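Below, each chain spelled out in residue letters.
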Amino acid sequence: MQEIRIELSKTLKQKPADNELRFGRMFTDHMFLMNYDLGQGWHDPRIVPYGPIELEPSAMCLHYGQEVFEGLKAYRTADGSINLFRPDKNMARLNVSNERLCIPAIDEEFCVEAIKTLVNVEKDWIPSSEGTSLYIRPFIFAVDPMIGVHPAHHLIFCIICCPVGAYYPEGLDPVKIYVEQNYVRAVKGGMGFTKTAGNYAASLKAQDEAEQQSYTQVLWLDGVHRKYIEEVGTMNVFFVIDDEIVTPSLQGSILSGITRMSTIELLKSWGYKVSERQLSIDEVAQAYDEGRLKESFGTGTAAVISPIGELKWGDKVMHINNGEIGEISQKLYDNLTGIQWGKIDDPFGWIVKV
Ligand code: COI
């Protein structure tokens, strides 16, 4: 395994108080960098002071979006130790995104070590109050100074960290979601299953319009029939209909969330009936009208478990579970975060200690 060179910053920033934390606004003192050059592979892994990265204006990532990223968190436990949650899954997914975007594969095991090393350098930045954590953002971007459309030969892998509280201002209070009917996020054969900047750029307009109507995020429908539920802006989505917990199956246009995967595994371990299948918005609306839609929630690293209290689809407004957090959402939140913060046993072996 390559050695990671560490250059510590001479000046350290003032850390925010836990109650001032917002999502993704303040970054720690150091970052991890590694370069890829054709013929050399990934090389020169290093931790250096956080700061600007010099790029040529012609750098390919700025023009054609050859970029991929990940998101995971480090959690401070009551005994002061540090937990990562399934970081191997993030690195495996990064390679799935890499493959789709013609980015050279990373060594997953080495990159988990890189994350651990960086988190260890930044350990004083990990907040300890309820609901807080250190968000870790690994990303890779193309830097060839060339504006011909072509897979890059030179790339940078960077990891930055920020102490965070809840992603949504609502915290665990149910969010209001707008069912998007005009814009489309992705189609099969596109990049919807990857974590790449372009998917989020494609979402901004709809997100902005939803926010103007006081909705927190949009629920995407499939790009072909405009009928089947895909995912919400920054999370996967689940619906409890009668005694079945349904989430859209992974068919190439939605993100394979690690919180989604863990949620399914938790629910199945408790004996719930979980279905990964096609689910139309009409089916959800019909279940709502018939009083069979009991709960809905989103899952994501940033969003954790986020109950959905309202869905607006055209003129139809569905108030789910009286706008309150449901029993299953609460149980999932308690157990998932319980494992992440080391408050309860981890029977699945998901936690990796730093
Ligand atoms: C995450 O949940 O980690 C994400 O990457 C969503 C993000 C766009 C905030």
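Everything numeric in this text was worked out from a predicted model, so none of it was measured.

Engineer: Tell me about the overall build of the protein, and please be specific about residues and values.
Structural biologist: Along its length, the protein carries eight helices and 18 strands. Computed over C-alpha atoms, the radius of gyration of the protein comes to 21 Å, within 12% of the 20 Å expected from 2.2 N^0.38 for 354 residues, which places it in the range of a compact globule. Its C-alpha atoms put the protein at 60 × 50 × 35 Å along the principal axes. Across the 354 residues of the protein, 53% fall into the buried class.

Engineer: An account of the site of the ligand is needed here, citing residue identities and associated values.
Structural biologist: The local shell around the ligand consists of Phe-69, Gly-71, Tyr-135, Arg-137, Tyr-167, Lys-195, Tyr-200, Thr-234, Thr-301 and Ala-302. A distance of 3.4 Å is found between an oxygen atom of the ligand and a backbone nitrogen or oxygen belonging to Thr-301. In the environment of the ligand, an oxygen atom lies 2.8 Å from a nitrogen or oxygen atom belonging to the backbone of Ala-302. Taken by itself the ligand offers 280 Å² of open surface, and the protein chains cover 90% of this. A majority-of-atoms criterion places the ligand in the largest pocket.

Engineer: Please give an account of unusual backbone geometry that cites residues and values.
Structural biologist: Of note, the phi angle at Asp-242 is positive, near 50 degrees, even though the residue is not glycine. Topologically, Asp-242 is positioned in the loop between β12 (236–241) and β13 (244–247). The class for Asp-242 is partly exposed, based on a relative accessible area of 32%. A positive phi angle, near 60 degrees, is found at Val-304, a position not held by glycine. With respect to the helices and strands, the residue Val-304 is situated in strand β16 (residues 304–313).

Engineer: If you had to explain the layout of surface pockets to someone new, which residues and values would you point to?
Structural biologist: Reported here for the largest pocket is a volume of approximately 1,200 Å³. In this structure, the largest pocket is lined by 46 residues; those nearest its centre are Phe-23, Tyr-167, Gln-217, Thr-234 and Ala-302. Ranked by residue count, the leading element in the lining of the largest pocket is helix α5 (residues 204–212), at four residues. Grouping the amino acids of the lining of the largest pocket by side-chain chemistry returns 22 nonpolar, 14 polar and ten charged. Each of domain 1 (5–164) and domain 2 (175–340) contributes no fewer than three residues to the lining of the largest pocket.

Engineer: Explain empty space enclosed by the protein to me, using residue names and the numbers behind them.
Structural biologist: One simple way to see leftover space: roll a probe sized like a water molecule over the atoms. Tallied over the full model, the rule gives one cavity of 30 Å³ or more. By volume, the largest cavity amounts to about 110 Å³. Around the largest cavity, the lining is made up of 15 residues, and of these Tyr-75, Phe-85, Thr-259, Thr-301 and Gln-340 lie nearest the centre. Considered class by class, the residues forming the lining of the largest cavity number seven nonpolar, seven polar and one charged.

Engineer: Before we move on, can you summarise a negative patch on the surface with the specific residues and values?
Structural biologist: Side chains of Asp-88, Asp-107, Glu-108 and Glu-109 sit close together on the surface and give a patch of like negative charge. Along the chain, Asp-107 falls in the loop between α2 (87–100) and α3 (108–121).

Engineer: Any chance you could break down the domain arrangement of the protein for me, citing the residues and the numbers?
Structural biologist: What the domain assignment reports for the protein is domain 1 (5–164) and domain 2 (175–340). Measuring from the centre of the C-alpha atoms in domain 1 to the corresponding centre in domain 2 gives 27 Å. Each partner contributes to the interface: domain 1 provides 21 residues, whereas domain 2 provides 22 residues. Taking both partners together, domain 1 and domain 2 bury about 1,900 Å²; carbon and sulfur atoms supply 60% of that area. In terms of surface lost to domain 2, no three residues of domain 1 exceed Phe-85, Arg-93 and Arg-100, which account for 33% of the buried area on that side. Across the pair Arg-86 and Glu-265 runs a salt bridge whose closest N-O atoms are separated by 3.5 Å.

Engineer: So what about the side chain of Glu-310? Which residues, and what values?
Structural biologist: With respect to the secondary-structure elements, Glu-310 resides in strand β16. Buried and unpaired, Glu-310 has Lys-176 as its nearest opposite-charge partner, separated by 4.4 Å. A distance of 2.6 Å separates the side chain of Glu-310 from the side chain of Tyr-215, its partner in a polar contact. Those residues within four positions of Glu-310 in sequence are excluded, and the remaining contacts are Val-175, Lys-176, Ile-177, Tyr-215, Val-317, Met-318 and His-319.

Parameters and conventions
Residues numbered from 1 in each chain as written. Predicted model: local features only at pLDDT ≥ 70, side-chain atom pairs only at ≥ 80, totals over all residues. Heavy atoms only, no water. Helix = DSSP H or I, 4+ residues; strand = E, 2+ residues; numbered from the N terminus. Rg over C-alpha atoms; globule rule 2.2 N^0.38 Å. Buried < 20%, exposed > 50% of the residue type's maximum accessible area, 1.4 Å probe, protein only. Near = heavy atom within 4 Å. Polar contact = N/O pair within 3.5 Å; in protein donor to acceptor, adjacent residues only side chain to side chain. Areas by Shrake-Rupley, 256 points an atom, 1.4 Å probe, with all protein chains shown as cover. 1 Å grid on protein atoms, 1.4 Å probe; cavity = no way out; pocket = protein on both sides within 12 Å on 5 of 7 lines; lining within 4 Å. Sits in = over half its atoms within 2 Å of the grid points. Points joined across faces, edges and corners; volume = space filled by probe spheres on them. Nonpolar A, V, L, I, M, F, W, Y, C, P; charged D, E, K, R; others polar. Domains from an automatic or database assignment. Patch = residues over 30% accessible without salt bridge, like charges linked within 9 Å, V, L, I, M, F, W, Y side chains within 5 Å. Salt bridge = Lys/Arg side-chain N within 4 Å of Asp/Glu carboxyl O. Lys, Arg positive; Asp, Glu negative; His and termini not counted. Charge placed at Lys NZ, Arg CZ, Asp CG, Glu CD. Contact = heavy atoms within 4.5 Å. Buried area = accessible area lost by both parts, 1.4 Å probe.

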